Amino acid sequence: MNIILIGAQGSGKGTQAEKLAQVLGVLHVASGDLFRSAIAQGTELGMKAKIYIDRGDLVPDDITVAMVLSRLQEPDCARGVLLDGFPRTLEQAKALDRGLQEADRFIDTAVYLEVPREILLKRLSGRYICRANQHIYNINTRPPKVPGICDLDGSELYQRSDDQGEAVQKRLDIFFNGTFKLLDYYRDEGKLATVNGNQDVEKVHKDLVKAITDRL
Ligand code: AP5
């Protein structure tokens, strides 16, 4: 099973993906996490990507496609994947289809997590993530038990550089003016499902599981 989670920045893709991947028995692969891990390790790819990410821009397609397709070839992806944050452009979607076809695989469903822009802005300004494992918190809606410390692994919580200042508005513009068009691509292929992401986390999870399993 290969599933794509599409949603604007702050729509809850990362919050939902970990548990959803467990329930579906597939691996969670997030392009943003792959980039942040490359940046933390100081790799050449990470250094290149950091310039775009800090500005709130998309990383160019050639860099992103090569990174994600190479990850999908690793053995732990063979049972299926839940893709979070990739693809974001038509070029990436087509490259993904070609890459999967070469391995006799295909996308089963693309789910759009729909959340209004004003809610996204509020969520992003309150988001903190942990250094060790990127667990996600929100000072307004999902605070940690001890301020500044991850409940799950005790590591420090920090605010992402792209959740501050102008980068936030820019990322939302890129989604609503660009990535949004991807929905037509998957709708035309009969693979698109839409879930209301503006509900509590548990209800969104239930609706996601239903939307995906209904289409199997
Ligand atoms: P990436 O890491 O993918 O970030 P993003 O798409 O900007 O998505 P976010 O992580 O901001 O949001 P999310 O939907 O995961 O929300 P979350 O669950 O955290 O990408 C970062 C950058 O890398 C990009 O800007 C780009 O530069 C580059 N990049 C990545 N992929 C790329 C690609 N394919 N092509 C080119 N460049 C690429 O939730 C947000 C907050 O809301 C949290 O605080 C959470 O607690 C809260 N929350 C979640 N759900 C709910 C709920 N139901 N109710 C209340 N609060 C909630």
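Per an unreviewed UniProt entry, the protein goes by Adenylate kinase and derives from Ktedonosporobacter rubrisoli. On record in UniProt, under Function (unreviewed entry), the comment for the protein is "Catalyzes the reversible transfer of the terminal phosphate group between ATP and AMP. Plays an important role in cellular energy homeostasis and in adenine nucleotide metabolism." Per UniProt, the protein carries the Pathway (unreviewed entry) text "Purine metabolism; AMP biosynthesis via salvage pathway; AMP from ADP: step 1/1."

S.K.: Help me understand the overall build of the protein, please; the structure alone is not making it clear to me.
M.R.: Helix and strand counts for the protein come out as nine helices and eight strands. Against the globule reference of 17 Å for 216 residues, the protein gives a C-alpha radius of gyration of 17 Å, in line with a compact fold. With the C-alpha coordinates of the protein rotated into their principal frame, the extents come out at 45 × 40 × 35 Å. Scored against the burial criterion, the 216 residues of the protein give a buried share of 45%. At a minimum sequence separation of 6, the contacts of the protein that also span at least 24 residues come to 71%. Roughly 11000 Å² of accessible area belongs to the protein as shown, and the carbon and sulfur atoms make up 52% of that amount. Separation of charge centres in the protein, based on 29 positive and 31 negative side chains, amounts to 3 Å.

S.K.: What's the story with helix 3 (residues 44–55) in this structure? I'm lost.
M.R.: Within the span of helix 3, buried status applies to Gly46, Ala49 and Ile53. Projected onto a plane normal to the axis of helix 3, the buried residues spread over an arc of 70 degrees and lie on a single side. Buried residues along helix 3 sit against helix 2 (31–41). With its phi angle positive at about 85 degrees, Gly56 sits one or two positions after the end of helix 3.

S.K.: Would you explain the UniProt feature "binding site: ATP" (unreviewed entry) in the protein in this entry?
M.R.: Taking the UniProt record as the reference, the feature "binding site: ATP" (unreviewed entry) is found at Gly10, Ser11, Gly12, Lys13, Gly14, Thr15, Arg127, Ile136, Tyr137 and Gln199. Mapped onto the elements, Gly10 comes out in the loop between strand 1 (2–7) and helix 1 (13–24). In this structure, Gly10 is in contact with Leu120, Arg123 and Leu124, ignoring residues within four places of it in sequence. Mapped onto the elements of the fold, Tyr137 is located in strand 6 (residues 136–138). Look at Tyr137 and you get buried, because its relative accessible area is 7%. Each residue touching Tyr137, except ones within four places of it in the same chain, is listed here: Gly126, Arg127, Tyr128, Arg142, Pro143, Pro144, Cys150, Asp151, Leu152 and Leu157.

S.K.: What is the right way to read the site of the ligand from this model?
M.R.: In the vicinity of the ligand, 34 residues are found, and the nearest of them are Thr15, Asp57, Arg88, Arg127 and Arg171. For the ligand, the accessible surface in isolation is 1000 Å², of which the surrounding protein chains cover 95%. For the shell around the ligand, the secondary-structure elements that each account for two or more residues are helix 1, helix 2, helix 6 (117–125) and strand 6. For the shell around the ligand, the element with the highest residue contribution is helix 2, accounting for four residues. Broken down by class, the residue content of the shell around the ligand amounts to ten nonpolar, 15 polar and nine charged.

S.K.: Can you walk me through the side chain of Arg171 in this structure?
M.R.: Its place among the elements puts Arg171 in helix 7 (residues 166–177). Take Arg171: its relative accessible area is 7%, and that puts it in the buried class. For Arg171, the contacting residues outside a window of four places in its chain are Gln9, Gly56, Leu124, Arg127, Arg160, Asp162 and Asp163.

S.K.: What exactly am I supposed to notice about the nonpolar core here?
M.R.: Across soluble globular proteins, nonpolar side chains show a tendency to be buried alongside one another. Counting 34 residues, the largest nonpolar core has Ile4, Ile6, Phe35, Leu72, Leu83, Leu96 and Tyr186 as the members making the most contacts within it. Broken down by secondary-structure element, the contributors of at least two residues to this core are strand 1, helix 3, helix 4 (61–72), strand 3 (81–84), helix 5 (90–102), strand 4 (109–114), helix 7 and helix 8 (182–188). In terms of residue count, the dominant contributor to this core is helix 4 (six residues). With sequence-adjacent residues up to four places away left out, Leu72 is seen in contact with Val29, Cys77, Val81, Leu83, Leu96, Leu100 and Arg105.

Definitions and cut-offs
Residues numbered from 1 in each chain as written. Predicted model: local features only at pLDDT ≥ 70, side-chain atom pairs only at ≥ 80, totals over all residues. Heavy atoms only, no water. UniProt positions renumbered as here; feature names shortened; annotations may be inferred. Helix = DSSP H or I, 4+ residues; strand = E, 2+ residues; numbered from the N terminus. Rg over C-alpha atoms; globule rule 2.2 N^0.38 Å. Buried < 20%, exposed > 50% of the residue type's maximum accessible area, 1.4 Å probe, protein only. Contact = heavy atoms within 4.5 Å. Areas by Shrake-Rupley, 256 points an atom, 1.4 Å probe, with all protein chains shown as cover. Lys, Arg positive; Asp, Glu negative; His and termini not counted. Charge placed at Lys NZ, Arg CZ, Asp CG, Glu CD. Arc of directions from axis to C-beta. Near = heavy atom within 4 Å. Nonpolar A, V, L, I, M, F, W, Y, C, P; charged D, E, K, R; others polar. Core = buried A, V, L, I, M, F, W, Y, C linked by side-chain atoms within 4.5 Å.

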